[in-house]
Amino acid sequence: MRDLAELADARLALDPERTIAALAGAFALWRAPGSEQRSRLAREHGVFSPEMIDFGVEAALEGWTASALERLRARELSGIFSAPRVTSVWLAGSIPPAAFSAIALPLLAGSAVYAKPSAADPVSARLFAESLRALDPGVAAAVRIGSDPKALDEADAVVAQGGDETIASIRSRVPPARPFLGYGHKLSLAVIGADVDPATAARSLALDVALWDGRGCLSPAWALVCDSPRGRAAEVAHALASALEELEDRLPRGRLETSEFAELLELRARAAVRDGTRLELAAGASSWTVVLESSEARPPAGTLRFVSVIPVADADAASRFIAPLAPHLSCVGHAGWGANLSRLAALAVAAGASRLCPLGRMQLPPLDWNHDGQGPLRPLVRWLDLES
Amino acid sequence: MDHARRGTGRARARAHAAADDRGAPAPGGDRGAGGAARVTRAGLERAILTWIAEGVDAPADEARFDSLAVALFRLQFQRGPAYRRLCAAFGADSGVVGGWRDIPVVPTGAFKEARLAIFPPEATLRVFRTSGSTTEARGALHLDTLALYDASLLATFRAYLCPDVERIRFAVLAPAADGVGDSSLSYMFERAMRELGTPESRFWIGAAGLDLDALSSELARLREPILLAGTAFAFVHLLDFLESRGARLALPAGTRVMETGGFKGRSRELTREELHGAIASRLGVPRARIVNQYGMCELASQFYEASLRTGRMTDVKSVPPWVRTRALDPATLRDVAPGEPGVLVHYDLANTGSVLAVMTSDLGTIVEGGFRVHGRLRGAEARGCSLAADALLSETGAAR
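Residues numbered from 1 in each chain as written. Chains lettered and ligands numbered in written order. Predicted model: local features only at pLDDT ≥ 70, side-chain atom pairs only at ≥ 80, totals over all residues. Heavy atoms only, no water.

A.B. asks: Looking at this structure, how should I read the overall build of chain A?
C.D. replies: On a plain count of helices and strands, chain A comes out with 15 helices and 14 strands. Its C-alpha radius of gyration of 21 Å places chain A within 12% of the 21 Å reference for a compact globule of 388 residues. Structurally, chain A occupies a C-alpha span of about 65 × 50 × 35 Å along its principal axes. Taking all 388 residues of chain A together, the buried fraction comes to 60%. Restricting to contacts in chain A with at least 6 residues of sequence separation, those with at least 24 account for 75%. Summed over all atoms, the accessible surface of chain A reaches about 14,600 Å², with 52% contributed by carbon and sulfur. In chain A, 39 positive and 46 negative side-chain charges are present, and the distance between their average locations comes to 3 Å. (Helix = DSSP H or I, 4+ residues; strand = E, 2+ residues; numbered from the N terminus. Rg over C-alpha atoms; globule rule 2.2 N^0.38 Å. Buried < 20%, exposed > 50% of the residue type's maximum accessible area, 1.4 Å probe, protein only. Contact = heavy atoms within 4.5 Å. Areas by Shrake-Rupley, 256 points an atom, 1.4 Å probe, with all protein chains shown as cover. Lys, Arg positive; Asp, Glu negative; His and termini not counted. Charge placed at Lys NZ, Arg CZ, Asp CG, Glu CD.)

Set out below in structure tokens:
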């Protein structure tokens, strides 16, 4: 592929300092007050409301600075290694910061990037590349946005996002010797312990539920609430409903596909017919749904601002709920665990989680997050062990 | 679902839909909400059976349907606690509707969560379940009578597959009902075979799977027309088998084929057009004698293409007079514009013991004479009646 050869040439002109400066500058442009880039993305994105883009991008990029990039590179890439000349990045979903980081991280590792945008979001990757070009055309020359599947065959490394079937399909095209990072189906949940005021926890949880309209793998599908004394889960559910209602004004939900409306209708119906549930929902609208469950049984995973609040008696009950999620658990949001947080961490890691964070931060992973338990840079490069 | 218009400063009350069954009439109470006239289930079923007995060519009388559907809804609202909870959640907690189009619809997923039945569990005669793995929730239709189920299935099966014969030899590419007692598809084939089949009729999928050697030999020896019926998956297995041997059959004139179900992404997938083309080419059955059936576990009635009945090829599914089908926008639950695709919702009067308004996960359009199916909603769960047969094929080492 000619594109890949050109990208490989462009990469030769880069050094880490220059790349870090360009990336940090681009992130700064995107998170600046009144950012023109955010405004443009809000106009062109089509999935999320402008308010969501404006708030979500700014909040997500907080801390994505030059020093954070330097620390990450120093942490991950100390030693003798060779970076891929070109990394092919196959994007999925519609969350802009996920596209930004997927492009930025291989660049930080010293690789050029050929990025295929997702069908749901053809805009974010392109606009991010444009912002790089505005700051340093030389760095931007090492990024190409395209959709040629040959890039999977010919790139030196591949990063892929998507469903498990998509990941398996892409993986099958990549020669075994080449680095491959696949980010497949994942889901997340919140666990609220006894040491937190229900209303406070609910407000933080509402942000996790509402951000990116519950479309990401970091969106909580369930909220487990320690129901001791009895009634705490109901308090959380009620306060969560109020907080989601308020957030609908500040961060209105964006566009849904026909199938998504049907999915929400089905989720609501399934919740409604279950014995003992209590539903709170936006009147006459599908913008949010809170279901208070009556048992510790696992209901269908929520999505699109639909969340089930599940009363649990204690940590053992939470463990029983979490453990079977092992192949697909990503993030656990916590509140009110106090001195028992280490116990929750043990539970979470055993269930395959790669992130345990305070409620209200679930959708805002740091740049150096070990996404799906893998270092963001180390798996991309080829290491040399020098023995003397 | 989005009935409320967005706007700044709107006051949006929250709907609380508690699972509260108190205050509902006790089972057996026959007075409808709002003081409606006394309607018994037995009386309703008699009226519906009468209509079904008039056959698929009976007038699809709107007033007749409306009156029966509204009365049936009242009964199901009064006696079905799970359905009543759903109605409450969707703001229809009075049990009173203006007409059949206002009856709250039940997405098929709800059949996985609760027993949607208006009779006590001990009265259950049969349970049909959606196909699926042992670990995932499966939808279930609970029945305390098979009278309406049988009447509806036989009326349509006869009309669309055997309009020209009293009896015909069945060759069924699906397991018999005694092997998969919760399969509505196997039950349907068995019931139809009993009523319309000759003594040589048989099921071709047993405990050992589909015996393709024996089946193809049998088909090659035929001198009389048959009804070859089964899941789309099973037909793919048969076609692949014949192709691998370079065999091309010419089934006797008068033979008809019925296939049903999707492919579920579990093996080679074909479009309906490709499947029917391959059946015509490999089995020697004219395209106009190949009929697709659309059915679902949650409904008592099924839908057929009228190709065989009319002699004209069509992909339109005919709707019997005792059923109504709409294509809805799931955001508003209103009918989509004519010719536009929407989510298919069926109102089946033969579903007396559960709920009559069932919302599918299929996209379709309403057209003259019935509806067209465009496929599953993207992202909807894969499920359907052909999976069980295919799973059985896979578990038993696939087709021999």
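A.B. asks: Quick question: what am I supposed to make of the overall build of chain B here?
C.D. replies: Along the backbone of chain B there are ten helices and 17 strands. With 400 residues in all, chain B has 54% of them scored as buried. For chain B, the proportion of contacts with a sequence separation of at least 24, taken over those separated by at least 6, is 68%. Accessible surface computed for chain B: about 16,200 Å², of which carbon and sulfur atoms make up 50%.

A.B. asks: I tried to follow the confidence of the model for chain B on my own but got confused; where do I start?
C.D. replies: A low pLDDT score tells you not to read the predicted coordinates there in detail. All names here are of chain B. For chain B, per-residue confidence averages 86 on the pLDDT scale, and residues scoring 70 or more make up 82% of the total. Here residues 17–36 scores under 50 on pLDDT; set against residues more than four positions off or in separate chains, the count is 34 contacts. The low-confidence segment residues 380–400 (pLDDT under 50) makes 58 contacts with residues lying over four places distant or belonging to another chain. (pLDDT = per-residue confidence, 0-100.)

A.B. asks: Even after reading the chapter, I still don't get the packing of aromatic side chains, so can you show me in this structure?
C.D. replies: How two aromatic rings sit relative to each other is set out by the distance from centre to centre and by the angle between their planes. Residue and element names in this part refer to chain B. The tally for this structure, following the rule as stated, stands at 22 aromatic pairs over all chains. Centroid distance F73 to Y83: 5.9 Å. Interplanar angle 90°. Geometry classified as edge-to-face. A residue pair is termed long-range when its members are at least 10 positions apart, and F73 in helix α2 (residues 62–79) and Y83 in helix α3 (residues 81–89) qualify at ten residues. With a relative accessible area of 2%, Y83 lands in the buried category. Plain terms: the ring middles of W100 and Y347 are 4.9 Å apart, the flat faces sit at 75° to each other, and that makes the pair edge-to-face. Note that W100 is positioned in the loop between α3 and β2 (106–107) and Y347 in strand β15 (residues 342–348), a separation of 247 residues in sequence. (Phe/Tyr/Trp six-rings, centres within 6.5 Å; stacked < 30°, edge-to-face > 60°.)

A.B. asks: Explain the sheet that holds strand β3 (residues 112–116) of chain A to me, please; I cannot follow it from the model alone.
C.D. replies: Pairing between sheet strands relies on hydrogen bonds along the backbone, with the strands arranged either parallel or antiparallel. Residues and elements named next belong to chain A. The five strands lie next to each other as β4-β3-β2-β5-β6, forming an open sheet whose pairing is parallel. Here the strands that pair on one side only, and so sit at the sheet edges, are β4 (143–145) and β6 (180–183). The mean inter-strand angle of the sheet, taken between neighbouring strand axes irrespective of direction, is 15°. The pairing of strand β2 (residues 86–90) with β3 spans five bridges and is parallel. Within the sheet, the bridge partner assigned to T87 lies in β3 and is V113. (Pairing = 2+ DSSP bridges. Axes fitted to C-alpha atoms, helices over the stretch in contact; angles between N-to-C directions.)

A.B. asks: What is the right way to read the nonpolar core from this model?
C.D. replies: Looking at soluble globular proteins, one finds that nonpolar side chains tend to be buried together. F27 and L132 of chain A are the most contacted members of the largest nonpolar core, which has 111 residues in total. With sequence-adjacent residues up to four places away left out, F27 of chain A is seen in contact with L61, W64, L69, F100, A104, F128 and L367 of chain A. Core analysis: the next-biggest nonpolar cluster, separate from the first, contains 106 residues, F261 of chain A together with A155, I168 and L196 of chain B among them. (Core = buried A, V, L, I, M, F, W, Y, C linked by side-chain atoms within 4.5 Å.)

A.B. asks: Whenever I open this one, the pattern of salt bridges confuses me. Can you help?
C.D. replies: Pairing of side chains with opposite charge becomes possible as their charged atoms draw close. All names here are of chain A. Applying the stated criterion across every chain, the model contains 44 salt bridges over all chains. One salt bridge connects D54 with R38, and the closest N-O pair in it is separated by 2.9 Å. One end of the pair, D54, is in helix α4 (residues 50–60); the other, R38, is in helix α3 (residues 36–44), with 16 residues separating them in the sequence. Here D54 falls in the partly exposed class, since its relative accessible area comes to 34%. (Salt bridge = Lys/Arg side-chain N within 4 Å of Asp/Glu carboxyl O.)

A.B. asks: When you look at unusual backbone geometry in this model, what are you seeing that I'm missing?
C.D. replies: Leaving glycine aside, a negative phi is the common case for residues, and trans is the common case for peptide bonds. In this chain, S228 of chain A is followed by P229 of chain A through a cis amide linkage whose omega measures 0°. Turning to its location among the elements, P229 of chain A is positioned in the loop between β8 (220–226) and α12 (232–250).

A.B. asks: Got a minute to help me understand a nonpolar patch on the surface in this structure?
C.D. replies: A cluster of nonpolar side chains, namely I80, L384 and L386 of chain A, defines an oily patch on the protein surface of about 310 Å² accessible area. With respect to the helices and strands, L386 of chain A occurs in the segment after β14 (382–384). (Patch = residues over 30% accessible without salt bridge, like charges linked within 9 Å, V, L, I, M, F, W, Y side chains within 5 Å.)

A.B. asks: Would you mind showing me how to read the pairing of strand β17 (residues 370–376) of chain B here?
C.D. replies: Looking along a regular strand, one sees the side chains alternate between the two faces of the sheet. All names here are of chain B. Across two bridges, strand β12 (residues 317–318) lies against β17 in antiparallel orientation. From the neighbouring strand, S318 faces β17, where its bridge partner is G370. One ladder, built from six bridges, connects strand β16 (residues 357–367) with β17; its direction is antiparallel. Looking at the pairing, D362 lines up with R376 of β17. A loop of two residues connects β16 with β17, the two strands running antiparallel in sequence, and G369 in this loop sits at a positive phi of about 90°.

A.B. asks: How should I be thinking about the environment of A210 of chain A in this particular structure?
C.D. replies: Residues and elements named next belong to chain A. By the secondary structure assignment, A210 is in helix α11 (residues 198–210). Sequence separation between A210 and L292 is 82 residues, and the spatial gap between their C-alpha atoms is 17 Å. If sequence neighbours within four positions are ignored, A210 has contacts with M52, L244, L247 and R305.

A.B. asks: Before we go on, may I ask you to explain the packing of helix α1 (residues 41–53) of chain B against α2 of chain B in this structure?
C.D. replies: Helices that pack against each other are described as a pair by the angle of their axes relative to one another and the distance between those axes. Residue and element names in this part refer to chain B. Contact geometry for α1 and α2: axes closest at 11 Å, N-to-C directions at 145°. In this structure, α1 meets α2 at a crossing whose hand is left-handed. Along its contact with α1, which presents R41, L44, A47, I48, T50 and W51, the element α2 presents R64, F65, L68, A71, L72, L75 and R79. In terms of residue class, the contact of α1 with α2 is made up of nine nonpolar, one polar and three charged. (Left-handed = near helix turned anticlockwise from the far one by under 90°. Nonpolar A, V, L, I, M, F, W, Y, C, P; charged D, E, K, R; others polar.)

A.B. asks: Whenever I open this one, the environment of A63 of chain B confuses me. Can you help?
C.D. replies: Residue and element names in this part refer to chain B. Take A63: it is sitting in helix α2. A relative accessible area of 55% means that A63 is categorised as exposed. C-alpha separation for the pair A63 and G99, spaced 36 residues apart in sequence, amounts to 9.7 Å.

A.B. asks: Could you clarify how one ought to interpret helix α8 (residues 272–283) of chain B in this entry?
C.D. replies: In an α-helix, one turn spans 3.6 residues, which is why side chains three or four residues apart end up on the same side. Residue and element names in this part refer to chain B. Its twelve residues give α8 an end-to-end C-alpha distance of 16 Å, which sits within 8% of 16 Å, the value for a rise of 1.5 Å per residue. Listing the buried residues of α8 in full gives L275, H276, I279, A280, R282 and L283. Against the buried residues of α8 lie β8 (226–231), α7 (232–244), β9 (256–260), β10 (290–294) and β11 (303–305). Note on α8: the residue one or two positions beyond its end, G284, has a positive phi of about 70°. (Expected span 1.5 Å × (residues − 1).)

A.B. asks: Explanation requested: the environment of E113 of chain B in the structure shown.
C.D. replies: Within the secondary structure layout, E113 of chain B lies in the loop between β2 and β3 (126–129). As a C-alpha pair, E113 of chain B and A137 of chain B span 24 residues in sequence and 7.8 Å in three-dimensional space. Beyond its immediate stretch of four places on either side in the chain, E113 of chain B contacts R270, V273, R274 and P300 of chain A. Of the polar contacts made by the side chain of E113 of chain B, one reaches the side chain of R270 of chain A; its length is 2.8 Å. (Polar contact = N/O pair within 3.5 Å; in protein donor to acceptor, adjacent residues only side chain to side chain.)

A.B. asks: Honestly, the side chain of R256 of chain B in this entry has me stumped. Any pointers?
C.D. replies: Residues and elements named next belong to chain B. Mapping R256 onto the fold places it in strand β9. A polar atom in the side chain of R256 sits 2.8 Å from the backbone oxygen of L161. Here D164 takes part through its side chain, which lies 3.0 Å from a polar atom of the side chain of R256. Excluding its chain neighbours within four sequence positions, the residues that come into contact with R256 are L161, C162, D164, V165, I168, I226, L227, L228, R289 and L308.

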